[in-house]
Amino acid sequence: MGEQTSVSALLKRYRLAAGLSQEALAAKAGVSARAVSDIERGVHRTPRGATLDLLASALDLAPQRRAMLLAAARPDLTPYPLSLEERGTAAPERAAGFMPRPVTPLVGRAGERAMAAAWAREGARRLLTLTGPGGVGKTHLALQIAADLAGAFPDGRFFVDLAPLGDAGQIPDAIALALGLSVEAASSAAERVSAYLCDRRALLLLDSMERVASGATSIAGLLAHCPQLFILATSRAALRLRAERALPLAPLPPEEAAALFRERAEAARPADAYEEAVVAAICARLDGLPLAIELAAAQVGALPLERLLERLDQRLSALRGGPRDLPDRQRTIEAALDWSYDLLAGEDQAGFRALGVFPSGWTLEAAEAVLASPDALLSLAALVDASLVQLDHSVGGLARWRMLDTTRDYALARLRAAGEEERAMRQFAAHYATMADGGFQPGPGGRGGDVRLDLELPNARAALEWAERRGEAEIGMRLAGFAWGWNARGQAREAVDWMERMLALDGLARAAGEAVAPPRVRVTRLYGLARVLLSYGDPQRAEARLHEALALAQSIQDHGGMAEAFATLGDIAQAEGRLDLAVAAYTASHAHALRAPEDYPAHRALARLGELARLRGDLEQADQYLEQALASAHTSNSQWDVAVIVTLLAHLARERRRYARARAYYQQSLSGFRDFESPTFMAWSLEGLAATLSAEGRHAPAVRLYAGAAALRRAADTPAPPAEREAAEKTLARAQMALGEPRYRAEWAAGSALARDALLAEAMERAADTGVSPAAGGGRGHR
């Protein structure tokens, strides 16, 4: 073999992989440190076989690696010295090749096994690459696939371990060694391999191709010259050859992950009962990664399951101590990730570390902000290729990336070790603060761009925690704008909590003369907190915060803030039945809205005036206000406000007995609130639709929808306001009389049991009325 596979290079590579110094290896092998040094420096090019055997044993080398070390130093001692001329007289067992059998059974992956075997027998493409993150089980599955295909390749199946190689040029040498071909000066290893396989129907399993991926062209050449050859490869990334078919391996689904854990755990602690819920939680904490599951399961002999689950809060330190007969890179989860990380270019390593700050994935825009680079997409592509980052296919057409939690733990550990955490977190928090500044509003036509509120809230929470921990009052107050999102999703407690914490932080910073957000931001947070408190059923605290907001807004001539504060004071007065006071507050709100900057949403005051006119019985005036408000909301592209105003128009149409129009409006508002994932407001719309159906005499579906709405409100902990609750109780009492007690109870139970999607589907079906749209007006009364 050439200089690239010299014994000196191989011994040094194996020693470093084992984490040993020359002195430590010498002591472990029982030889002198000088002997190790001389071999690695090339002083002894043909060391004694006994010395090599001691070194290989001390390094705990797998059989093929031991053979490679021996072949590099003493070709005359190669265990399979077959020349091209001798190949026809090879022993039958050698002709079948060397293919290790997994020492543990493969759990799951039945679909992947069947698919791979079918592709191999079909032969349309003769290179199949199993790809995926470290620890996902590529080698184990590849060995099982090779075993499944035993009868399909009569000329042998050969295992080639490429993990020890440091140069792509060594691939032909490694394949030649696996085939048992001897060293010949007259021809290259690539020529000998090609000549040997050119007319054979054989399978090569090339394991750990990612280390030498640049040598993929030599694989393409081998396939071109050997028409019956099939190559099965494992790699963190696809090889990008025309003959290739890639099979990406995802983490195990929950059922298979739990089965793997139980199978491996029983080897450590047999005849024990493993509680399903705890096993499921452990597997979820481990992302369904087979290597992580096996490392965890090996610890059940020493730890109860509950204690093991607790330890997995620190996954990297907990997942250690794998079996001694595994390669070093598979004996800890950290070593498996080291293997992938070390393959990255320096700038991609830095990008990987920084992206660990995202707890729930990210958009391209967010990656560009945290990496502070317009080339973030190139880094993402490299990380996806390395299987360290996944393009998230679960979010429809949105471009979003994520890391497995285990991988993210590793990225954060690397980020801290590099001293880069502070900078990355500051850029991360600044991005989400900017998003909050811009009136973040996801949904169709909203200003949130390619984002989903439910996925961004964990990122916003992480940014808020950082701001509080660091005492960053200015950025924390801006980030508190995400409280709108928690409230919209029915998580009022968290919305209140974050706004109060950031207001307190801002107050302390102001008292100390430190950097704070502009007073206008504090005004916004104060009236925002008041609104959430009001929806949460605490009007007293809400009113106190509103007066604080109003005073501050007046002191800085913030007309938008004054408009919002007066509007919410009007909401409180309206909820308490003080309608004259509500009229005065809404009128003041509208007046200030007209003096606010052009982009201020003046339609909100109009909508409130319209709703109040409806409650006072002036239905024509209510219709005028609400139609003006809806047109303005559409103009400003405020989809949340559109959904709210459409619901108010539905209430108005119902009161005017224009039931078809009301149902069409409710259908539209339900669709809007569903896009915002807001259970509280979905319940509000469902209750209105149910009242409409009841007014049409369709009491059974009305009861089901009321029951479903009640379940949504309980889950969100946001009860209906007293006036709305009283109206619903009267409607339900009439329905109970019409249906009778047994039927009423049955319908209520059925509605309560409906899952959210099924509930919304039924509501949409009940709201549908062919040939009638909100614009068309009119109603057909009872059906």
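Residues numbered from 1 in each chain as written. Predicted model: local features only at pLDDT ≥ 70, side-chain atom pairs only at ≥ 80, totals over all residues. Heavy atoms only, no water.

A. Just the overall build of the chain, in detail. Along the chain, the regular secondary structure elements total 39 helices and 7 strands. Every one of the 783 residues in the chain was classed for burial, and the buried ones make up 53%. In the chain, 71% of the contacts between residues at least 6 apart in sequence involve partners at least 24 apart. (Helix = DSSP H or I, 4+ residues; strand = E, 2+ residues; numbered from the N terminus. Buried < 20%, exposed > 50% of the residue type's maximum accessible area, 1.4 Å probe, protein only. Contact = heavy atoms within 4.5 Å.)

B. Just the confidence of the model for the chain, in detail. The predicted model of the chain averages 83 in pLDDT, with 87% of residues at 70 or higher. Segment residues 76-96: pLDDT under 50, and 35 contacts once partners within four positions in sequence are set aside and those in other chains are kept. A low-confidence stretch, residues 442-450 stays under pLDDT 50, and its non-local contacts, those more than four residues away or across chains, total 20 contacts. (pLDDT = per-residue confidence, 0-100.)

C. Structural detail: the nonpolar core. With 77 residues, the main nonpolar core has Phe352, Leu355, Val357, Phe358, Trp362, Phe428 and Leu479 as its most contacted residues. Element by element, the count of residues in this core is highest for helix H26 (residues 492-512), at 9 residues. In contact with Leu479, other than residues within four places in its own chain, are Ala429, Tyr432, Ala433, Ala436, Ala463, Leu464 and Ala467. Ranked by size, the runner-up nonpolar core spans 53 residues in total, among them Ala116, Phe159, Val279 and Leu303. (Core = buried A, V, L, I, M, F, W, Y, C linked by side-chain atoms within 4.5 Å.)

D. View of the packing of aromatic side chains. The tally for this structure, following the rule as stated, stands at 18 aromatic pairs. Relative to Tyr410, the ring of Phe352 lies with its centre 6.2 Å away and its plane at 40 degrees, an arrangement referred to as tilted. Residue Phe352 is located in helix H18 (residues 346-355), and its partner Tyr410 is located in helix H21 (residues 405-417); the two are separated by 58 residues in the primary sequence. Just as Phe352 is buried, Tyr410 falls in that class too. An aromatic cluster is built from Trp484, Trp640, Phe673, Phe676, Phe681 and Trp684, whose rings are joined through pairwise contacts. Arg200 extends its terminal NZ or CZ atom over the ring of Tyr196, reaching a point 4.1 Å from the ring centre. (Phe/Tyr/Trp six-rings, centres within 6.5 Å; stacked < 30°, edge-to-face > 60°. Lys NZ or Arg CZ within 6 Å of the ring centre and 35° of its normal.)

E. Main features of the pattern of salt bridges. A complete count under the given rule lists 51 salt bridges for this structure. Among the ionic pairs, Arg541 bridges to Glu500, the shortest N-O distance being 2.3 Å. Taken as a pair, Arg541 in helix H28 (residues 539-555) and Glu500 in helix H26 lie far apart in primary sequence, 41 residues in all. Given the relative accessible area of 36%, Arg541 is considered partly exposed. (Salt bridge = Lys/Arg side-chain N within 4 Å of Asp/Glu carboxyl O.)

F. Up close: the sheet that holds strand S4 (residues 230-235). Sheet architecture is open: 5 strands sit in the order S2-S3-S4-S1-S5, paired in parallel fashion. What marks the edges here is a single partner per strand, and that holds for strand S2 (157-161) and strand S5 (244-248). Direction aside, the axes of adjacent strands within the sheet are offset by 20 degrees on average. Sheet strands touched by helix H9 (residues 171-179): S2 and strand S3 (203-207). Its angle to S2, the strand with the most contacts, is close to 135 degrees. (Pairing = 2+ DSSP bridges. Axes fitted to C-alpha atoms, helices over the stretch in contact; angles between N-to-C directions.)

G. Molecular detail of the environment of Ala381. As for its placement among the helices and strands, Ala381 is situated in helix H20 (residues 376-385). Note: C-alpha distance between Ala381 and Asp348 (33 residues apart in sequence) is 9.7 Å.

H. Geometry of the environment of Ala142. Take Ala142: it is sitting in helix H8 (residues 138-148). On the basis of relative accessible area, Ala142 is assigned to the buried category, the value being 0%. As a C-alpha pair, Ala142 and Leu232 span 90 residues in sequence and 7.2 Å in three-dimensional space. Beyond its immediate chain neighbours, meaning those up to four positions away, Ala142 contacts Leu130, Leu205, Leu232 and Thr234.

I. Structural detail: the pairing of S2. With 5 of 5 residues buried, S2 is to be regarded as a mostly interior element. Two strands pair when backbone bridges link them, and S2 and S3 are joined in this way by 5 bridges, in the parallel orientation. Paired with Phe158 across the strands is Leu204, a residue of S3.

J. Here's a closer look at the side chain of Asp538. Checked against the element boundaries, Asp538 lands in the loop between helix H27 (519-535) and H28. Within the structure, Asp538 has its side chain in polar contact with the side chain of Arg541 (distance 3.3 Å). (Polar contact = N/O pair within 3.5 Å; in protein donor to acceptor, adjacent residues only side chain to side chain.)

K. Region of interest: helix H31 (residues 603-615). For H31, built from 13 residues, the straight-helix expectation of 18 Å at 1.5 Å per residue is met to within 8% by its first-to-last C-alpha distance of 18 Å. Within H31, 11 of the 13 residues are buried, which leaves it mostly tucked inside the rest of the structure. The elements touched by buried residues of H31 are H27, helix H29 (559-575), helix H30 (579-595), helix H32 (619-635) and helix H33 (639-655). Of the residues one or two after H31, Gly617 is the one with positive phi, at around 90 degrees. (Expected span 1.5 Å × (residues − 1).)

L. The packing of H9 against helix H10 (residues 189-197), seen in detail. H10 packs onto H9 with a crossing angle of 45 degrees between their chain directions and a minimal axis gap of 8 Å. Considered as vectors, H9 and H10 are oriented oblique to each other. Once H9 is placed against H10, the crossing between them reads as left-handed. When H9 is examined against H10, the residues Pro172, Asp173, Ile175, Ala176 and Leu179 are found in contact with a partner set consisting of Ala189, Ala190, Arg192, Val193, Tyr196 and Leu197. (Parallel < 35°, antiparallel > 145°, perpendicular 65-115°, else oblique. Left-handed = near helix turned anticlockwise from the far one by under 90°.)

M. A look at the packing of H18 against H20. The geometry of H18 relative to H20 is characterised by a closest axis approach of 10 Å and an angle of 90 degrees between their N-to-C directions. What the angle tells us is that H18 and H20 run roughly perpendicular. Residues Asp348, Gly351, Phe352 and Leu355 of H18 form the contact with H20, whose own contacting residues are Ser379, Leu380, Ala382 and Leu383. Considering only residue class, the contact of H18 with H20 consists of 5 nonpolar, 2 polar and 1 charged. (Nonpolar A, V, L, I, M, F, W, Y, C, P; charged D, E, K, R; others polar.)

N. Molecular detail of unusual backbone geometry. At Asp287, a position not held by glycine, the phi torsion is positive, near 65 degrees. As for its placement among the helices and strands, Asp287 is situated in the loop between helix H13 (276-285) and helix H14 (290-297). For Asp287, a relative accessible area of 15% gives the class buried. The phi dihedral of Ala372 falls on the positive side, at around 50 degrees, and the residue is not glycine. Mapping Ala372 onto the fold places it in the loop between helix H19 (364-371) and H20. A relative accessible area of 59% means that Ala372 is categorised as exposed.

O. Summary view of H8. With 10 of 11 residues buried, H8 lies mostly within the body of the structure. Of the positions making up H8, those classed as buried are Lys138, Thr139, His140, Leu141, Ala142, Leu143, Gln144, Ile145, Ala146 and Ala147. In this structure, the buried side of H8 is in contact with helix H7 (110-122), strand S1 (127-131), S2, S3, S4 and helix H12 (254-268).

P. How the structure looks around the state of the cysteines. One pass over the structure, following the stated rule, counts 0 disulfides. Not part of a disulfide, Cys226 finds its nearest cysteine sulfur in Cys198, a span of 6.2 Å. (Disulfide = S-S within 2.5 Å.)

Q. Spotlight on the side chain of Asn487. Of note, Asn487 is situated in helix H25 (residues 483-488). Judged by relative accessible area, which is 17%, Asn487 ranks as buried. Apart from residues no more than four positions distant in its own chain, Asn487 is found in contact with Ala492, Ala495, Val532 and Ser535.

R. How the structure looks around the pairing of S4. Of all 6 residues that make up S4, 6 are buried, and the element is covered over most of its length. Residue alternation in S4 divides its side chains into two sets, Phe230, Leu232 and Thr234 and Ile231, Ala233 and Ser235, and both sets are buried. Pairing of S1 with S4, which is carried by 5 bridges, proceeds in the parallel orientation. Along S4, the bridge assignment pairs Thr131 with Ser235. Alignment of S3 against S4, held across 4 bridges, turns out to be parallel. Counterpart to Leu203 in the pairing with S4 is Phe230. Once you follow S3 into helix H11 (residues 216-225) and on to S4, the crossover reads as right-handed. (Right-handed = clockwise from strand over helix to strand, strands pointing away.)

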